[in-house]
Amino acid sequence: MSEAGPLHSHRVPSNPDTDAAPTDRGRTVHGEAANAGHRVLAPDDAEVEAYLEQALNAPPPRRVETEAPEQPDTVAVLDFGSQFAQLIARRVRELNVYSELLPHDTPMAELERRGVKAVILSGGPSSVYDDGAPTADPALWSGRIPVLGICYGLQLMARELGGEVVPSTRREYGPATVRLTDADGLFDGIEQREQPVWMSHGDSILRPPSGFVATAETDATPYAGLADPGRNLYGIQFHPEVVHTPIGRDVLRNFVAGIAGLRRTWTPANLVDTTVAEVRDRVGDGHVICALSGGVDSAVAATLVHRAIGDQLTCIYVDHGLMRKRESELLRVTFERDLGMKLVMVDARDRFLARLAGVEDPESKRRIIGDEFIRVFEEEAARMGQIDFLVQGTLYPDVIESKTAETKAAAKIKTHHNVGGLPSDLRFQLIEPLRYLFKDEVRAVGTELGLPEAMVQRQPFPGPGLAIRIIGEVTAERLDTLREADWIVIDEIKAAGLYRSLWQSFAILTPVRSVGVMGDGRTYANVVAVRAVTSDDGMTADWARLPYEVLAKISSRIVNEVPGVNRVVYDVSSKPPATIEWE
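Conventions and cut-offs
- Residues numbered from 1 in each chain as written.
- Predicted model: local features only at pLDDT ≥ 70, side-chain atom pairs only at ≥ 80, totals over all residues.
- Heavy atoms only, no water.
- Axes fitted to C-alpha atoms, helices over the stretch in contact; angles between N-to-C directions.
- Helix = DSSP H or I, 4+ residues; strand = E, 2+ residues; numbered from the N terminus.
- Parallel < 35°, antiparallel > 145°, perpendicular 65-115°, else oblique.
- Left-handed = near helix turned anticlockwise from the far one by under 90°.
- Contact = heavy atoms within 4.5 Å.
- Nonpolar A, V, L, I, M, F, W, Y, C, P; charged D, E, K, R; others polar.
- Salt bridge = Lys/Arg side-chain N within 4 Å of Asp/Glu carboxyl O.
- Buried < 20%, exposed > 50% of the residue type's maximum accessible area, 1.4 Å probe, protein only.
- Pairing = 2+ DSSP bridges.
- Phe/Tyr/Trp six-rings, centres within 6.5 Å; stacked < 30°, edge-to-face > 60°.
- Expected span 1.5 Å × (residues − 1).

**Structural notes on the packing of helix α8 (residues 349-356) against helix α9 (residues 362-382)**
Point 1. Contact pair α8 / α9: the axes reach a minimum separation of 10 Å and the direction vectors enclose 150 degrees. Relative to α9, the element α8 is oriented roughly antiparallel. Where α8 crosses over α9, the two elements pack in a sense that is right-handed. Contacts from R351, F352, R355 and L356 of α8 reach α9 at K365, I368, I369, D371, E372, F373, R375, V376 and E379.
Point 2. Residue composition of the contact of α8 with α9, by class: six nonpolar, no polar and seven charged.

**Examining the pattern of salt bridges**
Point 1. One pass over the full model with this rule turns up 37 salt bridges.
Point 2. Between D542 and R545 there is a salt bridge; the shortest N-O distance is 2.9 Å.
Point 3. Salt bridges linked by common partners bring R351, R355, D371, E372, R375 and E379 together as one network.

**A few points about the pairing of strand β5 (residues 116-121)**
Where a strand is regular, its side chains alternate between the two sheet faces.
Point 1. Counting buried residues in β5 gives five out of six residues, a clear majority hidden from the surface.
Point 2. Alignment of strand β3 (residues 74-79) against β5, held across five bridges, turns out to be parallel. Bridging across to β5, V77 finds its partner in I120.

**Observations regarding the packing of aromatic side chains**
Point 1. For the structure on display, the rule yields six aromatic pairs.
Point 2. Note on Y396 and F438: the rings are 5.4 Å apart at their centroids and 85 degrees apart in plane angle, and the pair reads as edge-to-face. Placement of the pair is Y396 in helix α10 (residues 396-400) and F438 in the loop between β16 (429-431) and α12 (439-448), with a sequence separation of 42 residues. Like F438, Y396 is buried.
Point 3. Between W543 and Y570, the aromatic rings sit 6.3 Å apart at their centres with planes inclined by 75 degrees, giving edge-to-face as the arrangement. Here the residue W543 occupies a position in strand β19 (residues 542-543), and Y570 occupies one in strand β20 (residues 565-570), the gap between them amounting to 27 residues.
Point 4. For W543, a relative accessible area of 21% gives the class partly exposed.

**As for the packing of helix α5 (residues 268-283) against α12**
Point 1. It is the contact of α5 with α12, at a shortest axis distance of 9 Å, that shows an interaxial angle of 80 degrees. As the angle between them shows, α5 and α12 are arranged roughly perpendicular. Contacts from P268, A269, L271 and V272 in α5 reach A444, V445 and E448 in α12.
Point 2. By residue class, the composition of the contact of α5 with α12 is six nonpolar, no polar and one charged.

**Considering the environment of I490**
Point 1. Here I490 lies in helix α14 (residues 476-495).
Point 2. For I490, a relative accessible area of 12% corresponds to the buried category.
Point 3. As for I490 and S505, which are separated by 15 residues in sequence, their C-alpha atoms are 6.9 Å apart.
Point 4. Excluding residues within four positions of it along the chain, I490 makes contact with Q459, Y499 and S505.

**Observations regarding helix α6 (residues 296-309)**
Point 1. Between the first and last C-alpha of α6 there are 20 Å, a value that for 14 residues agrees with the 20 Å anticipated at 1.5 Å per step.
Point 2. Taken across its 14 residues, α6 has 13 buried, putting it largely inside the fold.
Point 3. Looking one or two residues beyond α6, the residue adopting positive phi is G310, at roughly 60 degrees.

In short, the description is geometric, and any link to function would need to be established separately.
This is the structure we're talking about:
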């Protein structure tokens, strides 16, 4: 590493009056310019969106590809392109059994190398009789490990083993009623023979393979369930992973714990113990930094690493002045006082406001904030001497939604900022202690680690902060207005017991001013919009049907308590076509 510090790089000086991109100083692992819009984490589920402008002249590091945990029994979910594939993996983990989402054509040899003890085949948009339809390794049908096919997965199993699959004369999309005709295996313990389920298929099995028996049926589908226990092969036409199938959890539990006999040891306590041991072994006597954003992911990642290596970790928190009310204070109290971590708090509020002065375009705001964030982060890290590792809060959805070697089916979604956007010559190694966890698991681990509920259950918050919830120019005065309005929104939603049921809830300061009356005088003041949505993962969202009395309290308090606001409106747009954030 250079004497100038591990993050030092040659760059174009900051110019508060422009947001021009710095000169190209390196390439990402995908061959694109490293300053072409890729983001690096100050880790959080809703990203800090910092452009990667660090260490681009350094020699490539020894990049260590982390393996999935080896200790727990493992279920592999093979992805045939279903919109529900990730949800299947999550549902299995909710049974305290570890699962991984892998490409549909993963060879049996690779599954065995990973210690996979059961396989679930997801649904998918293709028809099994189409040219080029996705297939699986034929060794899956050997009976060496139990296999459960769901929808397309069942049809593939049937066709590959000699059955016949044809376009259905009565397609089933949405709610349906299934009759269970065999009480053993997948449906063990389910007493009611008729059950509501969720269907999504236009093809049906006309003739099952030899050796299979029907276990379920609907009026339109005589083979809604098939089983060949002698070969450890099972299948269902409906989707057990969605909430619209009430018996879905029982079906998955019967397969995973009953038929496959897997141990249910994937627990927060075991996760903590395993991760701490792995990090301690890997870091040795190295020095580690973590950029704290105030969000759940960075908080849990930092706490896990700190438990493993103590004062070898230094956390850096860049206060850009765009956080919500009292969030920076909560972070300081939690990490410095309560957890005893080495914490560097950087007051960069004036720097960010100076660069944002006069800027209204939302993408320009994002570029400026990301650029300034990483400049401040670099400066602080450079003062610390040699740094060997950078902690990132990468989550499992970040991995499986990216163009990585770990999945093919999800590559169509996006290249995630903290997986695909890192430069190939990053001069320190990454530690990603949450790499194989879903969001709900991260929260469970945070609780196990003793982090406060206010941090663990925090709703997602965008890295550019309030800057993209102010439509138009960001000023100190407008930030103060939005902070107070946003505080009231959250306060009333928590008071109504709704906070945990919402994906996000917040205020937006619009560029609109409207006429109003206060007292005996006319006003011409700001309009605040309120946004509250429900969602499972943020990829789609619906506007929340907040009770009128809650909306009334929010509106009344904002108008009466926040200077310069005389009107409150509620956003009733879903995603899509709208986005959750306004900018």
